[in-house]
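Listed below are the residues making up each chain.
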Amino acid sequence: MSETALRAPLTPISPSTRVVMVDADAIGDVAAGVVATVAPDGVLGVATGSSPLALYAALVRRRADGLATEGLRLFALDEYVGLDASDPRSYAAYVRSVIARPLGIPAENVRVPHGSTAADGAAYERAIAAAGGVDVQIVGIGRNGHIGFNEPGSDAETRTRVVELDESTRRANAEHFDGELSRVPTHAMTQGVATILSARRIVLVASGAAKAAALRAALTGPVTADNPASFLQRHPDVTVVADPDALREDR
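Let me begin by describing the structure that accompanies this report.

Scoring rules and cut-offs
Residues numbered from 1 in each chain as written. Predicted model: local features only at pLDDT ≥ 70, side-chain atom pairs only at ≥ 80, totals over all residues. Heavy atoms only, no water. Buried < 20%, exposed > 50% of the residue type's maximum accessible area, 1.4 Å probe, protein only. Helix = DSSP H or I, 4+ residues; strand = E, 2+ residues; numbered from the N terminus. Pairing = 2+ DSSP bridges. Right-handed = clockwise from strand over helix to strand, strands pointing away. Salt bridge = Lys/Arg side-chain N within 4 Å of Asp/Glu carboxyl O. Axes fitted to C-alpha atoms, helices over the stretch in contact; angles between N-to-C directions. Parallel < 35°, antiparallel > 145°, perpendicular 65-115°, else oblique. Left-handed = near helix turned anticlockwise from the far one by under 90°. Contact = heavy atoms within 4.5 Å.

Structural notes on the pairing of strand β10 (residues 238-242)
Counting buried positions along β10 yields 5 of 5 residues, so the element is predominantly enclosed. Because side chains alternate across β10, one face comprises the buried residues Val238, Val240 and Ala242, and the other comprises Thr239 and Val241, equally buried. Pairing between strand β1 (residues 17-21) and β10: 5 bridges, direction parallel. Following the sheet pairing, Val19 is matched in β10 by Val240. Here strand β9 (residues 201-206) runs beside β10; their pairing, made up of 5 bridges, is parallel. Bridge pairing links Val205 to Val241 in β10. The handedness of the β9 to β10 crossover, carried by helix α7 (residues 212-220), is right-handed.

Thoughts on the pattern of salt bridges
A side chain with one charge may pair with a side chain of the opposite charge, provided their charged atoms come close. This structure, assessed with the given rule, holds 8 salt bridges. As a salt-bridge pair, Arg201 and Asp237 come within 3.4 Å of each other at their nearest N and O atoms. Here Arg201, found in strand β9, pairs with Asp237, found in the loop between α7 and β10; they are 36 residues apart in sequence, far enough to count as distant. Relative accessible area serves as the criterion here: at 27%, Asp237 is assigned to the partly exposed category.

Quick look at the environment of Ala194
Mapped onto the elements, Ala194 comes out in helix α6 (residues 193-197). A relative accessible area of 11% means that Ala194 is categorised as buried. Spatially, the C-alpha atom of Ala194 lies 5.2 Å from that of Glu157, the residues being 37 residues apart in sequence.

Let's talk about the sheet that holds strand β4 (residues 78-80)
The antiparallel open sheet is built from 3 strands, whose spatial order is β4-β8-β7. Looking at which strands have only one partner, the edges of the open sheet turn out to be β4 and β7 (161-164). Sheet twist, expressed as the average angle between the axes of neighbouring strands with direction ignored, equals 30 degrees.

A short note on the packing of helix α1 (residues 27-35) against helix α2 (residues 53-64)
Put simply, α1 and α2 touch, their axes get as near as 8 Å, and they point 65 degrees apart. Put simply, α1 runs roughly perpendicular to α2. For the pair α1 and α2, the sense of crossing is right-handed. Across from Gly28, Asp29, Ala31, Ala32, Gly33 and Val35 in α1, the residues of α2 making contact are Ala54, Leu55, Ala58, Leu59, Arg61 and Arg62.

The structure is reproduced here in structure tokens:
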């Protein structure tokens, strides 16, 4: 599928943001083509949740076709406070089962933020710096414009830290907790906006009409902490891979 054949209806303000519109079932393959450029031994920032699942599946298929992924180093965006890494609902478990093991990446090459203190956040920042920084960072976008768990109100200077989760975010994630909002953790450790923007390249994946308003605001609206994803306009190399519903102008 050629890039020139894809014409997105939504034009971002930032000239450094490339928007690729594809059918929902092609998002994973197209995004994986960008992410695969960090192989065989680059540093990959990984998001969790449903948005990047197809991307990771596409990377696994590329590995089966010969892409060397065993040397990749992974840094996760975020983790719930209070969930043990062995808990199947934790993002540590997600990264192990969905990304690291299928790609043959050893445990020592996988880092997920953990803890609940400023010192824990600072340690994670040091680990990213020691690895030489993130080559490609994968992100999704929340319905309220959050990236990672940087909820509205997060400014461009934030670094890895503990945040209180917005109720809308917790409701969206309740499906992983038997549909019970009361079971969803109220806080998380997340890479900050500045941490995310420190990556050399960023790939944002989005699908569905529910993401359209937040994505439109992020790409065409003012840069504001009210929509943390809008800070991506300040990054020199962003690729957005999304389906027509997510890129609709009228939502």
